[in-house]
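Overview (structure and organization)
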Amino acid sequence: MRWRRWARTLFSRQDSAAAPTALASAAASRSTGPPPSTNGASSLHLFWQVPAGGRAIAAVEATVQVDVAPPPERLVFWALQATMLDTTGAEHGTGHLGLQHHPAYPEAGAVNWGGYRPGGGELPGGPLGGPSALGNANTCDYPWTTGRPYRLRIEQATPGAWRGSVTDVASADTFVVRDLHLDGDRLDRLMVWTESFAHCEEASAVRWSDLTVIDHAGGRRRVEAVRVNYQRHADGGCATGTAGADGAGFTQATGSLRAVPQGTVLTVDPPVSGSGHDDRG
């Protein structure tokens, strides 16, 4: 699915404070049925809180594991998102890479690597690494499995080409989805998200872990904090759906009571000493 234009404003436009009675009324009116947004989806976001002072980010990784799949007939998209910038800070486009539960694909399994230019319009790209049941230029068949972790990676393959790949952590098999064609040499405005086209009461759950930024010298830094965002009620977002943290990763669940408020900063435990993880900036 496409990254929505309104998502470009998420870092600057947050839900304003509302009276408890207004929030209760909103929740009561948006807990069941399809979300009334323009694209028919409701989204949950986790904005990465990257430690300041590090080198420019050349690549990003995140592990995604779908723990509860949505109803068979529903589309849900779980993605890692990054914006490509140049040395002046100019934005060249935003890409999203992730797994889809899509009923039109074999066993509802698909992977997407697509995005948009700053002024709108899809980013161009190379051919997909596999067949696409719908002939979609951004989405191809990918037989992911519930309860199994997959490592998403966005990196610059060559100047002007940004590659999206997914690795089955258990088998270590890596699938290159394709390359997107746009300039820029660094990544910013990082997040992971759930975009759900299910009804507001219908459950799905995903776990994100090992959020990592990588600089041009290969130095890796673990992102240990994220800020919670929910699609605004005014934009058609469900009143249900929540986020959380379990010490080693972050969670997003649809169809659930909102246990974690908008704007909450969630953290994971620091890595265990001697684990071999390189946190050098």
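Throughout what follows, the structure given in this document is the object of discussion. What you see is a predicted model, and the numbers here were worked out from it, not measured in a lab.

Looking at the overall build of the protein chain
Secondary structure summary: the protein chain contains 1 helix and 16 strands in total. Out of the 281 residues belonging to the protein chain, those deemed buried represent 50%. In the protein chain, the share of contacts with a sequence separation of at least 24, taken over all contacts with a separation of at least 6, comes to 70%.

A closer look at the packing of aromatic side chains
Tallying each qualifying case throughout the model produces 4 aromatic pairs. Ring centres 5.9 Å apart and planes at 75 degrees place the aromatic pair Tyr142 and Tyr150 in the edge-to-face group. The class for Tyr142 is buried, based on a relative accessible area of 10%. Through successive ring pairs, a cluster of aromatic residues spans Tyr142, Tyr150 and Phe175. Directly above the ring of Tyr230 sits Arg258, whose terminal nitrogen or CZ lies 3.8 Å from the centroid.

Some points on the side chain of Gln252
Turning to its location among the elements, Gln252 is positioned in strand β15 (residues 249-254). For Gln252, the side chain forms a polar contact with the side chain of Thr194, separated by 2.8 Å. Not counting residues up to four positions away in its chain, the partners in contact with Gln252 are Leu44, His45, Leu46, Val192, Trp193, Thr194, Ser204, Ala205, Val206, Trp208, Thr242 and Ala243.

Notes on the pattern of salt bridges
Proximity of charged atoms lets side chains of opposite charge pair with each other. Evaluation of the coordinates by the stated rule reveals 14 salt bridges. For Arg153, the salt bridge identified is with Glu61, shortest N-O distance 2.4 Å. Remark: Glu61 occurs in strand β2 (residues 57-68) and Arg153 occurs in strand β7 (residues 150-158); sequence separation between them is 92 residues. Exposure remark for Glu61: the relative accessible area of 8% places this residue in the buried category.

A short note on the pairing of strand β9 (residues 173-181)
Pairing geometry for strand β8 (residues 161-168) and β9, over 8 bridges, is antiparallel. The residue bridging Ser165 from the neighbouring strand is Val176, located in β9.

Quick notes on the pairing of strand β1 (residues 42-48)
A regular strand places its side chains so that they alternate between the two faces of the sheet. Taking burial as the measure, the 7 residues of β1 include 7 buried ones, the bulk of the element. Every second residue of β1 is oriented toward a common face, with Ser42, Leu44, Leu46 and Trp48 on one face and Ser43, His45 and Phe47 on the other, all of them buried. In this structure, β1 lies alongside strand β10 (residues 186-196), joined through 6 bridges in antiparallel fashion. Bridge pairing in β10 links Phe47 to Met191. As paired elements, β1 and strand β13 (residues 225-230) share 5 bridges and run antiparallel to each other. Paired with Leu44 across the strands is Tyr230, a residue of β13.

Remarks on the environment of Thr38
Along the chain, Thr38 turns up in the loop between α1 (20-29) and β1. For the pair formed by Thr38 and Asp235, sequence separation is 197 residues and the distance between their alpha carbons is 7.9 Å.

Let's talk about the state of the cysteines
Here the structure, examined in full by the defined rule, presents 1 disulfide. Covalent S-S linkage joins Cys200 and Cys238, the inter-sulfur distance amounting to 2.0 Å. With the S-S dihedral at roughly -80 degrees, the linkage between Cys200 and Cys238 falls on the left-handed side. Pair noted here: Cys200 is in the loop between β10 and β11 (204-215) and Cys238 is in the loop between β13 and β14 (242-245), with a separation of 38 residues, a long-range link. Judged on exposure class, the residue Cys200 and its partner Cys238 are both buried.

About the cut-offs
- Residues numbered from 1 in each chain as written.
- Predicted model: local features only at pLDDT ≥ 70, side-chain atom pairs only at ≥ 80, totals over all residues.
- Heavy atoms only, no water.
- Helix = DSSP H or I, 4+ residues; strand = E, 2+ residues; numbered from the N terminus.
- Buried < 20%, exposed > 50% of the residue type's maximum accessible area, 1.4 Å probe, protein only.
- Contact = heavy atoms within 4.5 Å.
- Phe/Tyr/Trp six-rings, centres within 6.5 Å; stacked < 30°, edge-to-face > 60°.
- Lys NZ or Arg CZ within 6 Å of the ring centre and 35° of its normal.
- Polar contact = N/O pair within 3.5 Å; in protein donor to acceptor, adjacent residues only side chain to side chain.
- Salt bridge = Lys/Arg side-chain N within 4 Å of Asp/Glu carboxyl O.
- Pairing = 2+ DSSP bridges.
- Disulfide = S-S within 2.5 Å.

Purely spatial values, then, with no claim about function.
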